[in-house]
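Residue strings, one per chain:
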Amino acid sequence: MAGEGDLKLLGLLVSPFVVRVRMALSMKGVSYEYIEVDVFNKSEILLKSNPVHEKVPVLIHHGKPICESLAIVEYVDEVWGGAAPSILPADPYERAIARFWAAYIDDKLFPAWIGAVKAATEEEKAEKVSQTLAALARLEEAFAKCSNGKAFFGGDTVGYLDLALGCNLFWFETLREMFDVELIDEGRTPLLASWAQRFGEAAAVKDVVPNVDKAVEHAKKMRRMFVH
Amino acid sequence: MDHQQEKVQLLGMWASPYVYKVKWALSIKGVEYEYVEEDLRNKSSQLLEHNTVHKKVPVLVYNGKPVAESDIIVEFIDDAWSHRGGRILPEDPHERAMARFWARFVPDKLSPPIWKWFTTAGGEEQDAAREAAMEQLRVLEEELANGGNEFFAGDSVGLVDLSLGALAYVIPMYEEIIGERLVTEEMFPSLYAWMGRFLAAPPVKDHLPPMEELKLSGSLPRATPGRSRRTAANSPVAPSSRRHCCRPSLRWQRNQPPKVVGGGGRRDTLHGR
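Because the structure is a prediction, the values reported are computed rather than measured.

1. As for the overall build of chain A
Okay, step 1: Secondary structure assignment for chain A yields 10 helices and 4 strands.
Okay, step 2: In sequence order, chain A lays out its α and β elements as β-α-β-α-β-β-α-α-α-α-α-α-α-α.
Okay, step 3: With respect to the three principal axes, the spread of C-alpha positions in chain A is 50 × 45 × 25 Å.
Okay, step 4: For chain A, the residues scored as buried account for 54% of the 228 residues in total.
Okay, step 5: In chain A, 70% of the contacts between residues at least 6 apart in sequence involve partners at least 24 apart.
Okay, step 6: Summed over its atoms, the accessible surface of chain A is roughly 10,100 Å², and 50% of this surface lies on carbon and sulfur atoms.
Okay, step 7: One finds the centroid of the 26 positive side-chain charges in chain A at a distance of 3 Å from the centroid of its 33 negative side-chain charges.

2. Observations regarding the overall build of chain B
Okay, step 1: Scanning chain B from terminus to terminus reveals 12 helices and 4 strands.
Okay, step 2: Counting every position in chain B, which comprises 273 residues, the buried fraction comes to 54%.
Okay, step 3: For chain B, contacts bridging at least 24 residues in sequence account for 72% of all contacts bridging at least 6.
Okay, step 4: Counting only carbon and sulfur atoms, one obtains 49% of the accessible surface of chain B, whose full area is about 11,800 Å².

3. A closer look at the layout of surface pockets
Okay, step 1: In this structure, the second largest pocket encloses a volume near 880 Å³.
Okay, step 2: Around the second largest pocket sit 37 residues that line it, and Y93, I97, W101, K145 and C146 of chain A are the ones nearest its centre.
Okay, step 3: Elements with a contribution of two residues or more to the lining of the second largest pocket: α4 (92–118), α5 (122–147) and α6 (160–166) of chain A together with α2 (45–50) and β4 (65–68) of chain B.
Okay, step 4: With 7 residues, the single largest contributor to the lining of the second largest pocket is α4 of chain A.

4. Side note on the interface of chain A and chain B
Okay, step 1: If you look at the interface, chain A gives 26 residues, while chain B gives 30 residues.
Okay, step 2: Carbon and sulfur atoms make up 65% of the surface buried where chain A meets chain B, a total of about 2,400 Å² over both sides.
Okay, step 3: Notably, a salt bridge pairs E75 of chain B with R99 of chain A, separated by 3.3 Å at the nearest N-O pair.
Okay, step 4: Here chain A and chain B share 8 residue pairs in polar contact (both at pLDDT 80 or more) between them.
Okay, step 5: Residue assignment for the side of chain A that touches chain B shows that the elements contributing at least two residues are β4 (64–67), α3 (69–79) and α4 of chain A.
Okay, step 6: Looking at the side of chain A that touches chain B, the element that brings in the most residues is α4 of chain A, giving 12 residues.

5. Notes on the environment of V160 of chain B
Residues and elements named next belong to chain B.
Okay, step 1: Mapping V160 onto the fold places it in helix α6 (residues 159–165).
Okay, step 2: Owing to a relative accessible area of 6%, V160 belongs among the buried residues under this scheme.
Okay, step 3: Those residues in contact with V160 that sit more than four places away from it in its chain are A99, W102, A103 and F152.

6. Remarks on empty space enclosed by the protein
All names here are of chain B.
Okay, step 1: A complete count under the given rule lists 3 cavities of 30 Å³ or more for this structure.
Okay, step 2: Quantified by volume, the second largest cavity comes out at close to 50 Å³.
Okay, step 3: Lining the second largest cavity are L110, L137, L140, L164, L167, A168, I171, V183, L191, W194 and M195.
Okay, step 4: Secondary-structure elements contributing two or more residues to the lining of the second largest cavity are α5 (123–147), α7 (167–178) and α8 (189–200).
Okay, step 5: Residues belonging to the lining of the second largest cavity are distributed by class as follows: 11 nonpolar, no polar and no charged.

7. Brief notes about the confidence of the model for chain B
As a note on interpretation, predicted positions should not be read in detail where pLDDT is low.
Residue and element names in this part refer to chain B.
Okay, step 1: This prediction gives chain B a mean pLDDT of 81; 79% of its residues lie at or above 70.
Okay, step 2: Note that pLDDT drops below 50 for residues 220–273; the model gives that stretch 118 contacts with residues more than four away or on any other chain.
Okay, step 3: Scored by ipTM, the complex comes to 0.90, with pTM at 0.85.

8. Here we look at the pairing of strand β1 (residues 7–11) of chain A
Residues and elements named next belong to chain A.
Okay, step 1: For β1, a buried count of 4 out of 5 residues is recorded, marking the element as mostly surrounded by other parts of the structure.
Okay, step 2: Sheet analysis places β1 next to strand β3 (residues 58–61), joined by 4 bridges and oriented antiparallel. Bridge assignment links L7 to a residue of β3, and that residue is H61.
Okay, step 3: When β1 meets strand β2 (residues 33–36), the two strands line up parallel, connected through 4 bridges.

9. Structural notes on the domain arrangement of chain B
Residues and elements named next belong to chain B.
Okay, step 1: For chain B, the domain assignment lists domain 1 (8–87 + 238–268) and domain 2 (93–209).
Okay, step 2: The interface of domain 1 with domain 2 comprises 18 residues on the first partner and 26 residues on the second.
Okay, step 3: Taking both partners together, domain 1 and domain 2 bury about 2,000 Å²; carbon and sulfur atoms supply 64% of that area.
Okay, step 4: Across the contact surface, domain 1 and domain 2 share 1 salt bridge.

10. Some words on the sheet that holds strand β1 (residues 8–12) of chain B
All names here are of chain B.
Okay, step 1: Strands sit in the order β2-β1-β3-β4 across an open sheet of 4 strands; the sheet is mixed. Of all the strands in the sheet, just β2 (34–37) and β4 have a single pairing partner and so form its edges. Adjacent strand axes in the sheet meet at a mean angle of 20°, parallel and antiparallel pairs treated alike.
Okay, step 2: In terms of strand pairing, strand β3 (residues 59–62) meets β4 through 4 bridges, oriented antiparallel. Looking at the pairing, V59 lines up with A68 of β4.
Okay, step 3: Strand contacts of helix α3 (residues 70–80): β3 and β4, with the helix running at about 125° to β4, the strand carrying the most contacts.

Reading guide: rules and limits
- Residues numbered from 1 in each chain as written.
- Chains lettered and ligands numbered in written order.
- Predicted model: local features only at pLDDT ≥ 70, side-chain atom pairs only at ≥ 80, totals over all residues.
- Heavy atoms only, no water.
- Helix = DSSP H or I, 4+ residues; strand = E, 2+ residues; numbered from the N terminus.
- Buried < 20%, exposed > 50% of the residue type's maximum accessible area, 1.4 Å probe, protein only.
- Contact = heavy atoms within 4.5 Å.
- Areas by Shrake-Rupley, 256 points an atom, 1.4 Å probe, with all protein chains shown as cover.
- Lys, Arg positive; Asp, Glu negative; His and termini not counted.
- Charge placed at Lys NZ, Arg CZ, Asp CG, Glu CD.
- 1 Å grid on protein atoms, 1.4 Å probe; cavity = no way out; pocket = protein on both sides within 12 Å on 5 of 7 lines; lining within 4 Å.
- Points joined across faces, edges and corners; volume = space filled by probe spheres on them.
- Buried area = accessible area lost by both parts, 1.4 Å probe.
- Salt bridge = Lys/Arg side-chain N within 4 Å of Asp/Glu carboxyl O.
- Polar contact = N/O pair within 3.5 Å; in protein donor to acceptor, adjacent residues only side chain to side chain.
- Nonpolar A, V, L, I, M, F, W, Y, C, P; charged D, E, K, R; others polar.
- pLDDT = per-residue confidence, 0-100.
- Pairing = 2+ DSSP bridges.
- Domains from an automatic or database assignment.
- Axes fitted to C-alpha atoms, helices over the stretch in contact; angles between N-to-C directions.

This is the structure:
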């Protein structure tokens, strides 16, 4: 389905938040112009589109910018509502639960694992890894409740919460490669381990996941900039 | 959703601005509910069961099923009672996305510098904090002025108004306590006018915390004597509670300070977001 010719996405290839939005657009079969932004040297178009936070992703539809990846995913679901499948659940209560866990992922899980990437000392890294594992343990319980025995958080098909967590998976592989740490592990979080496998194979989303070596490269750049 | 036999409970705490946000949303929709006051120093088993992740208020319990986090509760209220009351989120998808964006602006960008201004003890550091807070207020002022509406998204109280709402009573309270203005009519005409309209709006005006109790509840900063530009004699706050602000008293412990604009992060130990 065409993005009506006037749909742009400002992004960073390895940002999980950008990947999240790309997955949503891919699920809806929407075409768009992707513009890679150098976040270390922010461009004019980014500063104009997101003057408040100066961050990616920014979706620009008919010239109007939309910021914050979860808000963008909801927007995409609403605008291309007719295009199956639906990303958000239909039931208000299930929507609330999905939003709750998505917020948890961004507020608790993300700072923990990115903290591990940026950690200056082994001690700090171990602490951050520990926090990441604790958050994933919570998400394991959440999966048991939300999925109701089905394949995904959203049920039979990939949904909002699957995207919210799934966009982080390639970074978990990156951390495995960089630090030899297994974040989603069959022993500790068996449900998430098998979910991650299924998610990785889902046609709608796998084309937008970047190669792990690109993420490793970016992580090294970040560490050079932020770790002294 | 079937509203025939619904039972709605709100677990809250009298001083929490996040709880008021939910009360205002319920009021917009005209929902009847049972309010349960939680003692946050002695959390009920019901609260712990319903919010195992964050253990905080507010929690809305809909037919026994809990929803936590005030922003999420507000969206749930808008979804669940979409058939009545005013719209809390706009209809148009782009406007909805903007509403969600501005709702996040408050805890992420605005509240931290305001809290810093309120709790910094005078001098250059406080001036810098005040300037940082004003910079964010200017962003909001522009947004409100450009919209040209009574409230952020239109003629009635909506998501962004609810998100900002508590600041309408908290900022004047802080200004009174430390004897310094932050939001004046001259500097922020739109915001100033919005504050008055918000506090007088039907869903809000009968659901505000008791201001005197709030002032005396220990919301004072851990102040140094030079902090306030007023003398003890004409301070609005009783000298005895000022004396207790630096060490816990029974009263301070009972009435937890409303961490309205939350410290470094969006969450503190007592209140949900």
